[in-house]
Amino acid sequence: MKKTLILTTALTGFAFAANAQEVTVMSWGGAYTKSQVEAYHKPFTAETGIKVNSVDSDNPATPIKAQVEAGNVTVDVADVEFSDAVRLCDEGLLEEIDSSILPAAPDGTAAVDDFIEGAIQDCAVANIVWSTVFAYNKENNATAPDSIDDFFNLADFPGKRGLRKSAKATLEMALMADGVPAGEVYDLLETDEGVDRAFAKLDTIKDEIVWWEAGAQPPQLLADGEVAMSTAYNGRIFNAAVAEGQPLEVVWDGQILDFDLFVIPKGAPNKEAALDFIKFSTDTQRLADQASWISYGPARKSSGELVGLFNDGKTEMAPHMPTAAANLENALVNNFEFWVDRDAELNERFNAWLAQ
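Sequence order sets the numbering: in each chain, residues are counted from 1 along the sequence as written. Given that the model is predicted, a residue must reach a pLDDT of at least 70 before its local features are reported, and side-chain atom pairs must reach 80 or more before they are shown or counted; all residues, however, enter totals for whole chains, interfaces and linings. For the side-chain quantities, the full set of heavy atoms in the structure was used; hydrogens and water were omitted.

## Some points on the overall build of the chain
Note on conventions: DSSP H or I runs of at least 4 residues are helices, E runs of at least 2 residues are strands, and numbering of each starts at the N terminus. Along the backbone of the chain there are 14 helices and 11 strands. Its C-alpha atoms give the chain a radius of gyration of 22 Å, within 12% of the compact-globule value 21 Å for 356 residues. When the backbone C-alpha atoms are referred to their principal axes, the chain occupies close to 90 × 45 × 40 Å. Residues counted as buried form 53% of the 356 residues belonging to the chain. Our radius of gyration looks at C-alpha atoms and nothing else; its globule reference is 2.2 Å times the residue count to the power 0.38. Using a 1.4 Å probe on the protein chains alone, a residue whose accessible area is under 20% of its type maximum counts as buried, one over 50% counts as exposed, and one in between counts as partly exposed.

## Some thoughts on unusual backbone geometry
Even without being glycine, A169 reaches a positive phi, approximately 75°. When you line up the elements, A169 lands in the loop between β6 (161–164) and α7 (170–177).

## Topic: the pairing of strand β9 (residues 248–263)
Each regular strand carries side chains that alternate between the two faces of the sheet. With 14 of its 16 residues buried, β9 lies for the most part within the structure. In short, DSSP must find at least two bridges between two strands for them to pair. As defined by bridge partners, strand β3 (residues 77–81) adjoins β9 across four bridges and the pair is classed as antiparallel. If you follow E81 over to β9, its bridge partner there is D260. Taken together, the 12 bridges between strand β5 (residues 124–137) and β9 define a ladder with antiparallel strand orientation. Residue pairing across strands places V129 opposite F259, the latter belonging to β9.

## Here we look at the environment of R286
By the element assignment, R286 lies in helix α13 (residues 284–290). Here the alpha-carbon distance between R286 and K160, two residues 126 residues apart in the chain, equals 39 Å. Contacts are assigned to residue pairs that have any heavy atoms within 4.5 Å of one another. Contact partners of R286, with chain neighbours within four places excluded, come to A39, Y40, P43, F280 and S281.

## A closer look at the pattern of salt bridges
For salt bridges, the criterion is a side-chain nitrogen of Lys or Arg within 4 Å of an Asp or Glu carboxyl oxygen. In total, this model carries 19 salt bridges according to the counting rule given. Put simply, K201 and D178 hold a salt bridge, and the shortest N to O gap is 3.8 Å. Of this pair, K201 sits in helix α9 (residues 192–203) while D178 sits in the loop between α7 and α8 (185–189); the two residues are 23 residues apart in sequence, bridging distant segments of the chain. Among the residues examined, K201 registers a relative accessible area of 17% and is labelled buried. According to the relative accessible area criterion, D178 is partly exposed, its value standing at 29%. Several salt bridges share partner residues, and in doing so they unite K65, E69, D84, R87 and E91 into one network.

## A short note on the packing of helix α2 (residues 30–48) against helix α12 (residues 271–281)
For the pair α2 and α12, interaxial distance at closest approach is 10 Å and the crossing angle is 115°. Crossing of α2 over α12 shows right-handed handedness. Note on element contacts: α12 touches α2 through A273, D276, F277, F280 and S281, opposite Y40, H41, P43, F44 and E47. Taken together, the residues that form the contact of α2 with α12 break down as six nonpolar, two polar and two charged. In this description, a line fitted to the C-alpha atoms serves as the axis of each element, helices being fitted only across the stretch in contact, and the angle between N-to-C directions of two axes falls anywhere from 0 to 180 degrees. What makes a crossing left-handed is the near helix being turned counterclockwise from the far one by less than a right angle; a clockwise turn instead makes it right-handed. Nonpolar residues are Ala, Val, Leu, Ile, Met, Phe, Trp, Tyr, Cys and Pro. Charged residues are Asp, Glu, Lys and Arg, and all others, Gly as well, are polar.

## A closer look at the packing of aromatic side chains
Stacked, edge-to-face and tilted labels apply to pairs of Phe, Tyr and Trp rings (six-membered ring for Trp) whose centres lie within 6.5 Å, assigned for plane angles under 30 degrees, over 60, and everything in between, in that order. Under the counting rule described, the total for this entry stands at 20 aromatic pairs. With 5.0 Å between their ring centres and 90° between their planes, F238 and F310 make a pair best called edge-to-face. One end of the pair, F238, is in helix α11 (residues 234–243); the other, F310, is in the loop between β10 (297–298) and β11 (332–333), and 72 residues separate them in sequence. Of the two residues examined, F238 and F310, each falls in the buried class. One aromatic cluster in this structure is built from Y40, F44, F262, F277 and F280. Sitting over the face of the ring of F151, R161 holds its NZ or CZ atom 5.7 Å from the ring centroid. Each ring is checked for a lysine NZ or an arginine CZ that lies within 6 Å of its centre and within 35 degrees of its normal; such an atom marks a charge sitting over the ring.

## So, the environment of T48
Its location among the elements puts T48 in helix α2. Owing to a relative accessible area of 34%, T48 belongs among the partly exposed residues under this scheme. Distance in space between the C-alpha atoms of T48 and F277 is 9.4 Å, their sequence separation being 229 residues. Pairing of N or O atoms within 3.5 Å defines a polar contact, subject to two protein rules: one partner must be a possible hydrogen donor and the other a possible acceptor, and residues neighboring in sequence count only if both atoms are side-chain atoms. A polar contact of 2.7 Å, which involves the side chain of T48, links it to the backbone oxygen of F44. Among the polar contacts listed, one links the side chain of T48 to the backbone nitrogen of I50, at a separation of 3.1 Å.

## What to know about α2
Helix length check: α2, at 19 residues, gives a terminal C-alpha distance of 25 Å against a target of 27 Å (1.5 Å per residue), a fit within 8%. Note on bend: at a given residue it equals the angle between the axes fitted to the 7 residues ending there and to the 7 starting there. Bending of α2 peaks at approximately 45° at the position of V37. Among the residues of α2, those classed as buried are A31, Y32, T33, S35, Q36, A39, Y40, H41 and F44. Once α2 finishes, G49 follows within two positions and takes phi at roughly 80°, a positive value. One fewer than the residue count of a helix, multiplied by 1.5 Å, yields its expected span.

## Examining the confidence of the model for the chain
A residue-level look at the chain finds 94% of positions with pLDDT of 70 or above and a mean pLDDT of 92. The predictor rates its confidence in each residue with pLDDT, a number between 0 and 100. Confidence drops under a pLDDT of 50 for residues 1–19, and excluding neighbours within four residues, the segment shows one contact in the predicted structure.

## Quick look at the nonpolar core
Formed by 50 residues in total, the largest nonpolar core has its most connected members in V23, V77, F115, F259, F277 and I278. For this core, the element with the highest residue contribution is α12, accounting for six residues. Sequence-distant contacts of I278, defined by excluding residues within four places in its chain, comprise V77, I97, L102, V125, F262 and I264. Counting residues in each nonpolar core, the second largest holds 37 residues, with A167, A198, I209 and L332 among its members. To define a nonpolar core, start from buried Ala, Val, Leu, Ile, Met, Phe, Trp, Tyr and Cys residues and group those joined through side-chain atoms within 4.5 Å.

What follows is the structure in structure tokens.
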């Protein structure tokens, strides 16, 4: 009887330990985190019993770097932009992720062949394709803008402009608005002349710029009439327009496509649970499920055909995806390698320009 009691107690303790597992996931907040909670976190906990703690940051790459360098890592999984994922990996701040652990597509296609090219890296696995666009409030613009040129045209489209307080995407959009074809933007930004040209274009609207840092800010700035137009993450505008009924409209011309990827900080306290979370959250069905909550494209090819309606049960998601054919006519794919190499230099120049 005593042995049975000891064994029962031991098994109960093991079960409690298993159920007490948890994983902390850092993302960007707002409608984007909500889409992840609904598509990934809740189903993952239901299937595994592992609790997901969700924390937000204006840019998860920043606290991840600080935590690892300080030797005090509290986050297990972070959602970061592509250039940050590559840079942090190169700096030895992330755990490597063996792509062979990722689930195959429903038809048996290996994950490495099912993910969009570039979506799997040594230390990162992509979940979405998103874009930086600009948007406007239909009630606050007498004429509807339809090109990136209009964003910089204060004469015909007066009013404040919202811009992310960062060199990335801002410089590219400035050059496209100045007549540089999308395919030549990064070649030009490699030169001093190109960088000068981008800042000269920004000078033309500098006095009218309202700077934003968190993704939730542009929809609010537009809804409140504080700006006539603003750059924004496409999914945030979709959420404000469709889910919240705000009179906001995306302009796809000049959009800049990007990936967001899951990474595991070096020294994550729950590494195995983190790997389980990433495997679960990047399977075909889960990525398609996220697209029913926000208009970001899944990073797996096999997820595309599963994307249907928004969770309102009536809005077709396909036309709102940055990867829809009609939205790609004048699109630029973020050059990840460029920003890995030039991020510090160009942001230093950007901050100096801000201070002038």
